[in-house]
Amino acid sequence: MREVNEDAAAHAGQRATGEAIERGDGGPSVEALLARIRQAPTATPTPTATGTDRKSGVGTDAGARADTSTPRVGEDADADAGKTAVPSGAVVDVGAPAVSSGAGADVAPPGAGTDLYANAPTVPFGAGAGAGTGVGGGGDTGTGTDRGAGALPALAVSAAPAAPAPDADGLAAVVAAAAGPFVPGGQLSPDTDFFDAGGTSVGAVELVAALEDELGMEIDLDEVFADARPRSLALRWLVTAGATAALSAAGAPATPTAAGTPAPAADTIGTAPAPGTFPFPVPAAAHGFSPAPAPGFRPALAPASSPAPATDTPSIPSPRIPSGATVTARTTGAGTPYATARPEDLDQILADLSLADRLPWTGSPEPLPPRRILLTGATGFLGSHLLLDLLRHSDAHVHCLVRAADEEAATARLGEALKSHRLPWSSEIRRRVTVLPGDIRRPHLGLSDDVWNKLAHEVDSVVGVAAAVDFLRGYQSLRQSNVIGALTLAELAATGPPKPLHHISSIAVFNEVGIASMGEDDPLAHVDRLVAGYDQTKWAAEVALRRARDHGLIVTAMRPGGIGGHTRTGAHNPQDLSSGLISAFGRFRTVPAFHCLNAAPVDWVSRVAAGVICEPDAWGFDYNLTGVPNTLDDVVRDMAYGGMHVRVQDWDEWRTDALARLEADPVPELGFLTRVLRSPTALKLCEATLKGPAATGERTAALVEALGLRPAARYDAQAQLRTFERLARDGLARLPDKGDQPYLWFSETTEGDVGPVGGGADTPCSMALTLSIASMYQLVKERRVDVGGELVCAAAHPAPLLVEHGDVWIRPEEGIPQRHGMRHQLLRYRLTLRDADGGRWWLEGHKYARARRDVWRQTRALNVEIGREGEPASFAGELVVPADSYVRDQIDGIKVDPRLTGREKRVAKLTWLAWFGAEMGRGLLGPFTRAAADLLDLRRTRTPSERPR
């Protein structure tokens, strides 16, 4: 087979430019590329003798190759290793010389040029689907032209003269060059998704700013998230920046749509203009084409026509809208923006669902517990816990697919991931784990044919956990990981001996605002009402795998909701949306009104998933791994237990307030939440999550009971507290501290005398202090009380000394006795003081318990030492709380945060008194217990430290 476009001499320079950029070995500057775009030539191709333009790949070319075999998912359409790699989703260069129609274009997998596997063989697709059709499979025009290079010249339209067209490929190269600095590899090919290449949300923001500042291209950030391929961005900008104006100036006719507007511009995904059309892309549906197939797939042809859009359906900025047309946001009848999915995403979803029909037929697997498991996503939060549970609760050997350059790097990455989640990475674990460097986004998982075939015949269970979790990215950007990856695993499960496929889906498949119920067997959301790309991809993957069941494949779908931190270790996923929201709740002490949170601890979700995988009777069903939902009252009460008393706000009020706080005081670790709260699309996802009903899981509960597992329990206060501690250590949340409004406080007055150390105490001294706690969490975890106030001591300074920082520890060191067991510590004071002259002082005081009758005085007497900062103690003495002020100040005088209700204030006061009384009682009991033990000691020889009392 000839090299694709090998005779395109007129475009050799442009091809060389594109190839140089993809290789990252120099090439023209951005300015030079822009100059070429402005000077794009006008081309008027000549129709073929048959009246059909063979450049389009449409027509009845007798030489078109017919492929009558049943294609399999991920199958190479042409195994010629010498062909030119063409990125999937590229726009065909309609100005290239004609070649054999129906010859499949070679397609490089997403991420080529920056992917760690850029040197792997390319995977072709698009072989002719049926004799004489000449149309590439699944939306690829099948022209075999070099779709990654050359200009986009005009085609002749009837008798009208051809109009000059912008150099779309050159502009795509410019955008790719501008995006290069924001990806780890430093370079990006025009057809590689920015995020698949390692770009981040922050990088996307910077890219938008760079495109506007350096190139004058104003692109909305949401459009970047929707489809982040440079070619798509370039075409979208060209369409909205004046393509229709150029056509109108050339006299090209416009075909009205049902709404009476000019014909939309092309779907940018893998379609080619048919003969006699405009020089700009046109909707795929207009010519019977499907959207872009996945690399390695050959989907069936789409129907010859698609229904026209309703006349009252507003349009959105997309390659389907010609420039100059009115562009409005997607709205519902009430005017809510972004209420429906993008039409081009729906077209792509339909095309992706049809890929499941290309899976081979298979039989039922042996109903035996797995012995060799392939697990994807083991470096993720849930995947790493699931790996450990599979090893703990089965005898299986686990093959972990890890995205890395080689086995050594993959093994290191897996070990680091486990340790980051506070999980062990021992020699025993390494003995039972085989690490495979691969990529879920690539055909055959990025594995060689030998490794793929070996896996297909050796493993007896496939577990798919890997997914791209990003609530800002669109369907086009996420489909390769979340949809195509799931179908590739289905192909592996159906290749060789039949194997069950266990797919980790998401409760997001129900994320339609206003959905009535979310049971395990309830209908999923209407996909056209899912606006977030993540929701759409999880929906498409699950529905496609349902089709795979019709081919005999045993597919189990498990749907977690929010995955909370580990109940014992507190390990959490810092980039999870639920973690971000919980962090904001604790940081800002406000909570949006919501119905319930369908979240469960990661250890429970992981253990139940492992039980399903290892129990053959559980295979082939759908499970909701959402645990027991938390209501708004539950969350407010649990946060109060952790000392975070929150105020409930309306959702819109809370979002506005949270954004204002994050902008006024940015938190780098919560930057992703800021972007989510700014995105209209992501907000729709949040709204559905917070306002949706409680998910139910009767089948899951029955299975848990049958397997004897720990039943689902609400993500309670103790578990929340551990998670908050970990979130605070990671900079996400903020636990209460003394800078906050005190939760509870009271006064303490002490009086007495001090004198030089070793001398008589004859100088009056007193303290007027305020003791406070920021939360009960402070007491439970630290047994510490904050102190403020002043010290009046003429021996130290004639003016009062102010307390700069002070702490009181209750039963420090668990009341371990001092001085040969004769005195047990009840309280320890440590104060930092400043005098009127700026001098700094320190004070250390202790209250002791002894086995004596003056118990009441022991609780009030404080032995103190006072000295200048950095020097030993200068004064010592005893200060006592007056008996008449103790009850008045420290019991009756307790004050509680005025923001609490009357009932909450009473509970807070009683809780403090009960806790403090119990601690003091334990402290006083210690010395008396020790004295009783000495009295009963029957040893003949006492220890030297003891003496009779």
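Cut-off values and rules
- Residues numbered from 1 in each chain as written.
- Predicted model: local features only at pLDDT ≥ 70, side-chain atom pairs only at ≥ 80, totals over all residues.
- Heavy atoms only, no water.
- Patch = residues over 30% accessible without salt bridge, like charges linked within 9 Å, V, L, I, M, F, W, Y side chains within 5 Å.
- Areas by Shrake-Rupley, 256 points an atom, 1.4 Å probe, with all protein chains shown as cover.
- Salt bridge = Lys/Arg side-chain N within 4 Å of Asp/Glu carboxyl O.
- Lys, Arg positive; Asp, Glu negative; His and termini not counted.
- Charge placed at Lys NZ, Arg CZ, Asp CG, Glu CD.
- Helix = DSSP H or I, 4+ residues; strand = E, 2+ residues; numbered from the N terminus.
- pLDDT = per-residue confidence, 0-100.
- Contact = heavy atoms within 4.5 Å.
- Pairing = 2+ DSSP bridges.
- Axes fitted to C-alpha atoms, helices over the stretch in contact; angles between N-to-C directions.
- Phe/Tyr/Trp six-rings, centres within 6.5 Å; stacked < 30°, edge-to-face > 60°.
- Buried < 20%, exposed > 50% of the residue type's maximum accessible area, 1.4 Å probe, protein only.
- Lys NZ or Arg CZ within 6 Å of the ring centre and 35° of its normal.
- Parallel < 35°, antiparallel > 145°, perpendicular 65-115°, else oblique.
- Left-handed = near helix turned anticlockwise from the far one by under 90°.
- Nonpolar A, V, L, I, M, F, W, Y, C, P; charged D, E, K, R; others polar.
- Expected span 1.5 Å × (residues − 1).
- Arc of directions from axis to C-beta.
- Core = buried A, V, L, I, M, F, W, Y, C linked by side-chain atoms within 4.5 Å.
- Domains from an automatic or database assignment.

Asks: So what about a negative patch on the surface? Which residues, and what values?
Replies: On the surface, a cluster of negative charge is made up of Glu212, Asp213, Glu214 and Glu218. Within the secondary structure, glutamate 214 is located in helix α4 (residues 201-215).

Asks: I'd like a rundown of the confidence of the model for the protein, residues and numbers included.
Replies: The predicted model of the protein averages 74 in pLDDT, with 69% of residues at 70 or higher. Here residues 41-164 is modelled with pLDDT under 50, and outside its nearest four sequence neighbours on either side it reaches 350 contacts, counting other chains as well. Within the model, the stretch residues 243-336 combines pLDDT values under 50 with 249 contacts to residues more than four positions away or in other chains.

Asks: Explain the sheet that holds strand β9 (residues 555-560) to me, using residue names and the numbers behind them.
Replies: In spatial order, the strands read β6-β5-β4-β7-β8-β9-β14; together these seven strands make up an open sheet with parallel pairing. Every interior strand has two partners, whereas the edge strands, β6 (433-437) and β14 (622-625), have only one. Neighbour-to-neighbour, the strand axes of this sheet turn through a mean angle of 20°, independent of strand direction. Here five bridges tie strand β5 (residues 397-402) to β6, and the two strands are oriented parallel to one another. Of the residues in β6, the one forming a bridge with valine 398 is valine 433.

Asks: Outline the packing of aromatic side chains, listing residues and values.
Replies: Applying the stated rule across the entire model yields nine aromatic pairs. Judged by centre distance (5.4 Å) and plane angle (10°), the rings of phenylalanine 195 and phenylalanine 225 are stacked. With phenylalanine 195 in the loop between α3 (168-179) and α4 and phenylalanine 225 in helix α5 (residues 221-226), this residue pair connects regions lying 30 residues apart in the sequence. The residues phenylalanine 195 and phenylalanine 225 share a single accessibility class, namely buried. Between tryptophan 651 and tryptophan 654, the aromatic rings sit 5.8 Å apart at their centres with planes inclined by 20°, giving stacked as the arrangement. Taken together, the residues tryptophan 651 and tryptophan 654, both in helix α17 (residues 651-664) and three residues apart, mark about one turn of the helix. Taken together through their ring pairs, the aromatic side chains of Phe746, Trp912, Trp915 and Phe916 make up a single cluster. Directly above the ring of tryptophan 809 sits arginine 828, whose terminal nitrogen or CZ lies 5.2 Å from the centroid.

Asks: Talk me through the packing of α17 against helix α18 (residues 671-678); I want residue IDs and the actual numbers.
Replies: Where α17 meets α18, the closest approach of the two axes is 10 Å, and the angle between their N-to-C directions is 135°. Judged by the inter-axis angle, α17 sits oblique to α18. The interaxial crossing formed by α17 with α18 has left-handed handedness. Across the interface between the two elements, Trp651, Trp654, Arg655, Ala658, Leu659, Leu662 and Glu663 from α17 touch Thr674, Leu677 and Arg678 from α18. Tallied by class, residues from the contact of α17 with α18 come to six nonpolar, one polar and three charged.

Asks: Outline α3, supporting the account with residue identities and numerical values.
Replies: Compared with the 16 Å implied by 1.5 Å per residue over 12 residues, the 16 Å span of α3 between its first and last C-alpha is a close match. In terms of burial, α3 is a largely internal element, 11 of the 12 residues being buried.

Asks: Which residues make up the environment of lysine 684, and what values go with them?
Replies: Within the element layout of this structure, lysine 684 appears in helix α19 (residues 680-691). Sequence spacing of lysine 684 and valine 513 is 171 residues, and the spatial spacing of their C-alpha atoms is 7.8 Å.

Asks: Describe the pattern of salt bridges, listing the residues and the values that go with them.
Replies: A full pass over the atoms with the stated rule returns 39 salt bridges. With a closest N to O distance of 3.4 Å, arginine 888 and aspartate 889 form a salt bridge. Judged by its relative accessible area of 15%, aspartate 889 falls in the buried class. When salt bridges that share partners are traced, they join Asp193, Asp196, Asp439, Arg441 and Arg473 into one network.

Asks: Give me helix α11 (residues 449-458): which residues, what numbers.
Replies: Listed as buried for α11 are Trp452, Leu455 and Ala456. Angular distribution of buried residues about the axis of α11 spans 100°; they occupy a single face of the element. Opposite its buried face, α11 presents the exposed residues Asp450, Lys454 and His457, each directed more than 90 degrees away. Its buried side turned inward, α11 meets β4 (372-376), β5, β6 and α12 (475-494).

Asks: An account of the pairing of strand β18 (residues 763-773) is needed here, citing residue identities and associated values.
Replies: Bridge count for strand β17 (residues 744-756) against β18 is 11 bridges, and the pairing is antiparallel. Its bridge partner being in β18, threonine 749 is matched across the sheet by alanine 768. Following β17, the chain reverses through six residues before pairing antiparallel with β18; glycine 758 in that reversal takes a positive phi of roughly 90°. Where β18 and strand β19 (residues 784-793) come together, eight bridges link them in antiparallel fashion. Looking across to β19, one finds that leucine 769 is bridged to glycine 789.

Asks: Now, about the nonpolar core: what can you tell me, with residues and values included?
Replies: Judged by nonpolar contacts, the single largest core of 70 residues is most densely connected at Phe194, Leu211, Leu577, Met639, Trp654, Leu677 and Phe724. Shared between two domains, this core takes at least three residues from each, and those domains are domain 2 (164-249) and domain 3 (357-729). The residues touching leucine 577, leaving out its near neighbours within four places in the chain, are Phe471, Phe672, Leu673, Val676, Leu685 and Cys686. Grouped together as the second largest cluster of nonpolar side chains are 46 residues, Leu401, Leu445, Val459 and Leu487 included.

Asks: Could you give me a rundown of the packing of helix α14 (residues 577-588) against α17, with the residues and numbers involved?
Replies: Two elements in contact, α14 and α17, have axes separated by 11 Å at closest approach and are oriented at 75°. Considered as vectors, α14 and α17 are oriented roughly perpendicular to each other. Residue-level inspection shows Leu581, Ala584, Phe585 and Phe588 of α14 in contact with α17, the latter providing Trp654, Ala658, Arg661 and Leu662. Along the lines of polarity and charge, the residues of the contact of α14 with α17 split into seven nonpolar, no polar and one charged.

Asks: Outline unusual backbone geometry, listing residues and values.
Replies: If you check the backbone angles, histidine 444 has positive phi at about 55° while not being a glycine. Tracing the backbone shows histidine 444 in the loop between β6 and α11. Residue histidine 444 is classed as buried on the basis of its relative accessible area, which comes to 8%. At arginine 589, a position not held by glycine, the phi torsion is positive, near 60°. Topologically, arginine 589 is positioned in the loop between α14 and β11 (590-592).

Asks: Explain the environment of glutamate 491 to me, and be specific about the residues and the numbers.
Replies: In this structure, glutamate 491 sits in helix α12. Owing to a relative accessible area of 1%, glutamate 491 belongs among the buried residues under this scheme. Put simply, glutamate 491 and alanine 548 are 57 residues apart on the chain and 9.3 Å apart in space, counted from C-alpha to C-alpha.

Asks: Could you give an account of the side chain of aspartate 897, with specific residues and numbers?
Replies: You can see aspartate 897 is positioned in the loop between β26 (895-896) and α25 (902-935). Residue classification places aspartate 897 among the buried residues on the basis of a relative accessible area of 2%.

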